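Residue-level structural notes
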Amino acid sequence: MAENGSSQPPKEPTGPKPYWNPYLAGLLLGGALLASFLVLGAGLGASAAPGRIGACLVGAVAPQHVEQSGFFGRWTADGANPLRYYLVYMFIGTILGGLLSAVLARRVSWIVERGKGFNRTARLALALAGGILVGYASMLASGCTSGQALTGGALLLNGSIVFMLCVFAGGYAAAYFVRRQWND
């Protein structure tokens, strides 16, 4: 007999688990950044990984194009493997770790989050356009927001601090124009 007096075992909760405490999560992220500096001698970032994976995929189909490309060619010069770079494995680990965390927290579902006044196709099209724009911008800037904010911020680089202030200011300014898409 179970502790509650019934012959049935207690039921497992079916809803998602609560989010982590943000202070604990921030402390653990800082620990991961410190470990990256101690073990690898470099910080965290993600923008190089998709480009290197792209160079590998394009190289499998059109190796001459990759060799002649100013963007991809720098990673394949002298027969180098573009996947032999620590950020590629960190990128893959981040995706798999995030998926594992979401599965364990019971937060995996196939939905498109959007406001009622915004259709699914438009939301996905804007998300794709935004992703392409951010990817292109990180290529132009020779880095991504995670590298700039986390690594540069941890090193107290002036440019990184100004960058983060601009990111927050830009986010708040843009939120004014799209707030009606979410407040319904």
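Above this text you will find the structure in question.
1. Re the overall build of the protein
Each helix and strand counted, the protein has eight helices and zero strands in total. Counting helices and strands in the order they occur from the N terminus, the protein gives α-α-α-α-α-α-α-α. In terms of overall dimensions, the protein is more spread out than a globule: its C-alpha atoms have a radius of gyration of 22 Å, far above the 16 Å expected for 184 residues. Its C-alpha atoms put the protein at 75 × 45 × 40 Å along the principal axes. For the protein, the residues scored as buried account for 15% of the 184 residues in total. Counting only carbon and sulfur atoms, one obtains 67% of the accessible surface of the protein, whose full area is about 13,900 Å². Mean positive and mean negative side-chain charge positions of the protein (13 and 6 charges, respectively) differ by 9 Å.

2. Overview of the packing of helix H1 (residues 22–40) against helix H7 (residues 145–154)
Contact geometry of H1 with H7 gives a least axis separation of 11 Å together with a crossing angle of 75 degrees. Classified by the angle their axes make, H1 and H7 are roughly perpendicular. In this structure, H1 uses Leu29, Leu33 and Phe37 to contact H7, whose residues at the interface are Leu150, Thr151 and Ala154. Along the lines of polarity and charge, the residues of the contact of H1 with H7 split into five nonpolar, one polar and no charged.

3. Observations concerning the state of the cysteines
Under the criterion given, the structure shown has zero disulfides. Cysteine cysteine 166 shares no disulfide, and the gap to the nearest cysteine sulfur, in cysteine 144, comes to 17 Å.

4. Here's the deal with the packing of H7 against helix H8 (residues 158–178)
Remark: H7 packs on H8, axes separated minimally by 8 Å, with the N-to-C direction vectors making an angle of 125 degrees. By the angle between their axes, H7 is oblique relative to H8. With respect to the hand of their crossing, H7 and H8 are arranged in left-handed fashion. Across the interface between the two elements, Thr145, Gln148, Ala149, Gly152 and Gly153 from H7 touch Gly159, Ser160, Phe163 and Met164 from H8. Residue classes in the contact of H7 with H8 are distributed as three nonpolar, six polar and no charged.

5. Observations regarding the side chain of threonine 76
For threonine 76, the location among the structural elements is in helix H4 (residues 73–76). Not counting residues within four places of it along the chain, the set of residues in contact with threonine 76 comprises Val66, Glu67 and Pro82.

What counts as what
Residues numbered from 1 in each chain as written. Predicted model: local features only at pLDDT ≥ 70, side-chain atom pairs only at ≥ 80, totals over all residues. Heavy atoms only, no water. Helix = DSSP H or I, 4+ residues; strand = E, 2+ residues; numbered from the N terminus. Rg over C-alpha atoms; globule rule 2.2 N^0.38 Å. Buried < 20%, exposed > 50% of the residue type's maximum accessible area, 1.4 Å probe, protein only. Areas by Shrake-Rupley, 256 points an atom, 1.4 Å probe, with all protein chains shown as cover. Lys, Arg positive; Asp, Glu negative; His and termini not counted. Charge placed at Lys NZ, Arg CZ, Asp CG, Glu CD. Axes fitted to C-alpha atoms, helices over the stretch in contact; angles between N-to-C directions. Parallel < 35°, antiparallel > 145°, perpendicular 65-115°, else oblique. Contact = heavy atoms within 4.5 Å. Nonpolar A, V, L, I, M, F, W, Y, C, P; charged D, E, K, R; others polar. Disulfide = S-S within 2.5 Å. Left-handed = near helix turned anticlockwise from the far one by under 90°.

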